[in-house]
Amino acid sequence: RRHARHRVTPGGPAEPRIRASENQARLVDLDRSHDDLRAALRWARDTGDVETVLRLVVALGPYWHARGQGPTAQAWYEDAIRLGGDPVLTAKAAWASSYIALYANDLDLAVERASLALELAEAAGDDSTTGRALDTLSSTRQYGDPARAADALTPYVAAPTRPGGRVGAPVRRSRPGVAGGRPA
């Protein structure tokens, strides 16, 4: 239990290490800790600690992606999403699942999870995850149906501010070469 909590403390030592997965030394460190992390995930799931499950699967996403552990990741994402919990964390888990599915060429799962992430993130006001979900949806549509790719971003590119005058992450994250929702 203590290990699980240590690994998911925001700003704690584990979170930056997991997010900086491109660093080989950090990947090796996570390789050494992976059995403990799986045990922490199982403990959190089995005791109903939904927030810890969500925080761990979100934090482990870059590691699982870097190590090509898509099937392991998707099994944990499935559990985490099914458990529900905090909508922002669930949106982040759904997006992470969509991202891994996209790179595994599972476009149906990528669209399903990115759509869920978009719905949850927009409802919660999480602009960062909204932008990531839109980016993933755009990518999946581009691979599967290029004519629909630009349409995915049209409402976000055309409206430069979110309610309250904030510039939203979806606008800032729009792809280069897309103007007004149409390829430039």
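Residue numbers restart at each chain and count upward from 1, following the sequence in its written direction. Only residues with pLDDT of at least 70 are given local features in this predicted model, and only at 80 or more are side-chain atom pairs given and counted; all residues enter the totals for whole chains, interfaces and linings. Side-chain calculation: all heavy atoms of the structure are included, whereas hydrogens and water are not.

A. Expanded view of the nonpolar core. In this text, buried Ala, Val, Leu, Ile, Met, Phe, Trp, Tyr and Cys residues form a nonpolar core when linked through side-chain atoms within 4.5 Å. Between buried and exposed lies partly exposed: a residue is buried under 20% and exposed over 50% of the maximum accessible area for its type, with that area taken using a 1.4 Å probe on protein chains only. Counting residues in hydrophobic clusters, the biggest one holds 31 residues, and the most contacted among them are Leu41, Val57, Trp64, Tyr77 and Ala93. Here a strand is any run of E in DSSP of at least two residues, a helix any run of H or I of at least four, and the numbering for each starts at the N terminus. For this core, the elements supplying multiple residues, two or more each, are helix H3 (24-46), helix H4 (50-66), helix H5 (70-83), helix H6 (87-103), helix H7 (107-124) and helix H8 (127-144). The element contributing the most residues to this core is H4, with eight residues. Note on contacts: a residue pair is in contact if any heavy atoms of the two residues lie within 4.5 Å. Not counting residues within four places of it along the chain, the set of residues in contact with Leu41 comprises Val53, Leu56, Val57, Leu60, Trp64 and Trp76.

B. Main features of H4. In a regular helix each residue adds 1.5 Å, so 17 residues correspond to 24 Å; H4 covers 25 Å between its end C-alpha atoms and thus fits that length. Where H4 bends most, at Leu60, the angle is about 45°, and the proline Pro62 comes one to four residues later. Those residues of H4 that sit buried are Thr52, Val53, Leu54, Leu56, Val57, Val58, Ala59, Leu60, Gly61, Tyr63 and Trp64. Once H4 ends, the next one or two residues include Gly68, with phi positive near 65°. By this rule the span expected of a helix is its residue count minus one, scaled by 1.5 Å. In this analysis the local bend is the angle between axes fitted, respectively, to the seven residues ending at and the seven residues starting at the residue.

C. Seen up close, the pattern of salt bridges. By definition, a salt bridge exists where a carboxyl oxygen of Asp or Glu is found within 4 Å of a side-chain nitrogen of Lys or Arg. Counted by the stated rule, this structure contains nine salt bridges. Where Arg67 meets Asp31, a salt bridge forms, and the shortest distance between an N and an O atom there is 2.7 Å. You can see Arg67 sitting in the loop between H4 and H5 and its partner Asp31 sitting in helix H3, a full 36 residues away along the chain. Put simply, Glu78 and Arg113 hold a salt bridge, and the shortest N to O gap is 2.3 Å. Here Glu78, found in helix H5, pairs with Arg113, found in helix H7; they are 35 residues apart in sequence, far enough to count as distant. Among the ionic contacts, a cluster of salt bridges with common partners joins Arg45, Asp46, Asp79 and Arg82.

D. Expanded view of the packing of H3 against H4. Between H3 and H4, whose axes approach to 11 Å, the crossing angle comes to 150°. Regarding the angle of H3 to H4, the classification is roughly antiparallel. Two packed elements cross with a definite hand, and for H3 against H4 that hand is left-handed. Packed against H3, whose contacting residues are Leu27, Leu30, Asp31, His34, Leu37, Ala40, Leu41, Ala44 and Arg45, the element H4 presents Thr52, Val53, Leu56, Val57, Leu60, Tyr63, Trp64 and Ala66 at the interface. Here the term charged refers only to Asp, Glu, Lys and Arg, the term nonpolar to Ala, Val, Leu, Ile, Met, Phe, Trp, Tyr, Cys and Pro, and the term polar to all other amino acids, Gly among them. Each residue belonging to the contact of H3 with H4 can be placed in one class, and the counts come to 13 nonpolar, two polar and two charged. Lines are fitted to the C-alpha atoms to define the axes, a helix being fitted only along its stretch in contact, and any angle between axes, read from their N-to-C directions, falls within 0 to 180 degrees. Convention used here: angles under 35 degrees read as roughly parallel, angles over 145 as roughly antiparallel, angles from 65 to 115 as roughly perpendicular, and any remaining angle as oblique. Left-handed describes a crossing whose near helix is turned anticlockwise from the far helix by less than a right angle; the clockwise case is right-handed.

E. Geometry of the packing of H7 against H8. Closest axis-to-axis distance for the H7/H8 pair is 8 Å, and the angle between their directions is 155°. Here H7 lies roughly antiparallel to H8, going by the angle between them. The chirality of how H7 crosses H8 is left-handed. Every residue of H8 that contacts H7 at Leu107, Ala110, Val111, Ala114, Ser115, Ala117, Leu118, Ala121 and Glu122 is listed here: Thr129, Thr130, Ala133, Leu134, Thr136, Leu137, Thr140, Tyr143 and Gly144. Split into classes, the residues belonging to the contact of H7 with H8 amount to eleven nonpolar, six polar and one charged.

F. Broad picture of the environment of Gln74. Turning to its location among the elements, Gln74 is positioned in helix H5. A residue is classified by how much of its surface remains accessible, and Gln74, at 15% relative accessible area, is buried. Through-space distance from the C-alpha of Gln74 to that of Gly61 is 9.7 Å; in sequence the pair is 13 residues apart. Setting aside residues up to four positions removed in sequence, Gln74 forms contacts with Ser97, Ile100, Ala101, Leu109 and Arg113.

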